[in-house]
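Coordinate analysis (summary)
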Amino acid sequence: MTVPTNTMQNFSGQVAGNREDLTDAIYNVSPTETPMISMAQKSTAYNVLHEWQSEALAAATASNAVVEGDDAANQSIVATTRLNNYIQTSEKTIGISTIQEATRSAGRPSEMAHQLVNYGLALRRDMETVLLNNSIAPSAGSASTARKLRALPSWYATNTSRGGGATVGANGSTTTIATDASTPRNFTEALFKTVLNSIWVNASIGEGMFAMAGPTNRANLSSQLSGGSTKFYRVESKNLTATVTIYQSDFGDIKLIPNRFQRDKDLHIINPEYLAISFLEKFREQDLAVTGLARRKQIWASYTLEVRNEAAHGIVADLNTTIL
């Protein structure tokens, strides 16, 4: 049909008095869960090199028998091991012009307050990624370079399962990251059980153990562990249960959780009682100097990873990152 002449229509720019239709809400679906930071203990650091001690009992022996009336002999004392990690500072700086702050904005009364919330969450995500990365070696830093903490993947030494190939997977150290194998392998329950067995032999498996994997291998935990080999339909709801959230091992229950901010090729098995995030400076906020028609705020934290005893944890490394 033909529109009659002189009919006012609502197209862009044709009617100056129309108000905009902008909802007073902002929708953000960026994930903010940080399982590592959430599960770990919290402690306080007092210097840029944070230190703690671990120890182990002498090995059990079957030859502990003495002659009747024999004189006492001193045992060989097992000394403690002194461990350390560098404090790392992570920060976000936000700058908002005075005009923007004065402007009435949809969905937030203050642009600065809104961005402080957003970047506070972003800072936490950065820290989670730092703690679980395997690409940056620990460093004491200098006047011109930042200190770098020793991330979790380079701590494992006792309970490890690594891949092979032309380059064999190898443990990290106080100065180096762990070496990735050149030939990754598919996740299997046998690999998982092998590391669980090693943890139990060396440290026992306590309450609240976690197996933490990236999204792909978290899905593989459900499909490859025997607890998830049989799926059940509930007739009344017609839902399929296709996930395993608690793995009942021979040595105790293991909670299975996903982590978006870790490497998908690593499966961490963690006892949170022996893992802590240690803060020299907890999450802080400060106003920066005013140098013009803008206001700036900085948020930061100075922290490190306190692996209280690495034998309490384990890793299945060098996994393929495809759904099985």
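Residues numbered from 1 in each chain as written. Predicted model: local features only at pLDDT ≥ 70, side-chain atom pairs only at ≥ 80, totals over all residues. Heavy atoms only, no water.

1. Observations concerning the sheet that holds strand 1 (residues 41-44)
- Ordered in space as 1-12-13-4, the 4 strands form an open sheet in which the pairing is mixed. This sheet does not close on itself; its edge strands, each paired only once, are strand 1 and strand 4 (88-97). When strand polarity is set aside, the average angle formed by the axes of neighbouring strands in this sheet is 30 degrees.
- For strand 4 and strand 13 (residues 294-307), the ladder comprises 10 bridges, and the chain directions are antiparallel. (Pairing = 2+ DSSP bridges. Helix = DSSP H or I, 4+ residues; strand = E, 2+ residues; numbered from the N terminus. Axes fitted to C-alpha atoms, helices over the stretch in contact; angles between N-to-C directions.)

2. Details of the environment of Asn 84
- Among the structural elements, Asn 84 can be located in strand 3 (residues 81-86).
- For Asn 84, a relative accessible area of 31% puts it in the partly exposed group.
- Along the chain, Asn 84 and Leu 305 lie 221 residues apart, while their C-alpha atoms are 9.1 Å from each other. (Buried < 20%, exposed > 50% of the residue type's maximum accessible area, 1.4 Å probe, protein only.)

3. Observations concerning the pattern of salt bridges
- Counted according to the given criterion, the structure contains 11 salt bridges.
- We note a salt bridge from Arg 263 to Asp 266, for which the minimum N-O separation is 3.0 Å.
- A salt bridge links Asp 287 to Lys 297; the shortest N-O distance between them is 2.4 Å. Note that Asp 287 is positioned in strand 12 (residues 275-287) and Lys 297 in strand 13, a separation of 10 residues in sequence.
- Residue Lys 297 is classed as buried on the basis of its relative accessible area, which comes to 17%.
- Each of the salt bridges in this network shares a partner with another, and the network as a whole consists of Asp 180, Arg 263, Lys 265 and Asp 266. (Salt bridge = Lys/Arg side-chain N within 4 Å of Asp/Glu carboxyl O.)

4. Some thoughts on the sheet that holds strand 11 (residues 267-270)
- Here we have 6 strands laid out as an open sheet, ordered 5-14-11-6-10-9, and mixed in their pairing. Edge strands, defined here as strands with exactly one partner in the open sheet, are strand 5 (160-161) and strand 9 (246-249).
- Summarising the sheet, strand 5 and strand 14 (residues 314-316) pair through 2 bridges and their orientation is parallel. Bridged to Thr 160 within strand 14 is Ile 315.
- Here helix 4 (residues 189-202) sits on the sheet and contacts strand 5, strand 6 (209-213), strand 9, strand 10 (252-258), strand 11 and strand 14; the angle it forms with strand 14, its principal contact strand, is near 165 degrees. (Contact = heavy atoms within 4.5 Å.)

5. Quick notes on the pairing of strand 12
- Bridge count for strand 1 against strand 12 is 4 bridges, and the pairing is parallel. Directly across from Ser 43, in strand 12, lies its bridge partner Ser 278.
- In this sheet, strand 13 lies alongside strand 12 in antiparallel orientation, the contact comprising 10 bridges. Bridging from a neighbouring strand, Ala 276 pairs with Glu 306 of strand 13.
- Connecting the antiparallel pair strand 12 and strand 13 is a turn made up of 6 residues.

6. Observations concerning helix 4
- Between the first and last C-alpha of helix 4 there are 20 Å, a value that for 14 residues agrees with the 20 Å anticipated at 1.5 Å per step.
- Within the span of helix 4, buried status applies to Glu 189, Leu 191, Phe 192, Val 195, Leu 196, Ser 198 and Ile 199.
- Looking one or two residues past helix 4, Ser 204 carries a phi angle of roughly 70 degrees, positive in sign. (Expected span 1.5 Å × (residues − 1).)

7. Brief notes about the nonpolar core
- If you look at the biggest cluster of nonpolar residues, it comprises 29 residues, and the most contacted ones within it are Met 36, Leu 131, Leu 152, Ile 270, Leu 275, Tyr 303 and Leu 305.
- Those elements that provide at least two residues to this core are helix 1 (35-39), helix 3 (111-132), strand 6, strand 12 and strand 13.
- With 5 residues, the single largest contributor to this core is helix 3.
- Those residues in contact with Leu 131, other than ones at most four positions away along the chain, are Met 36, Ile 37, Leu 149, Ala 151, Leu 152, Pro 153, Ile 277, Tyr 303 and Leu 305.
- Ranked by size, the runner-up nonpolar core spans 20 residues in total, among them Met 209, Ala 211, Ile 254 and Leu 319. (Core = buried A, V, L, I, M, F, W, Y, C linked by side-chain atoms within 4.5 Å.)

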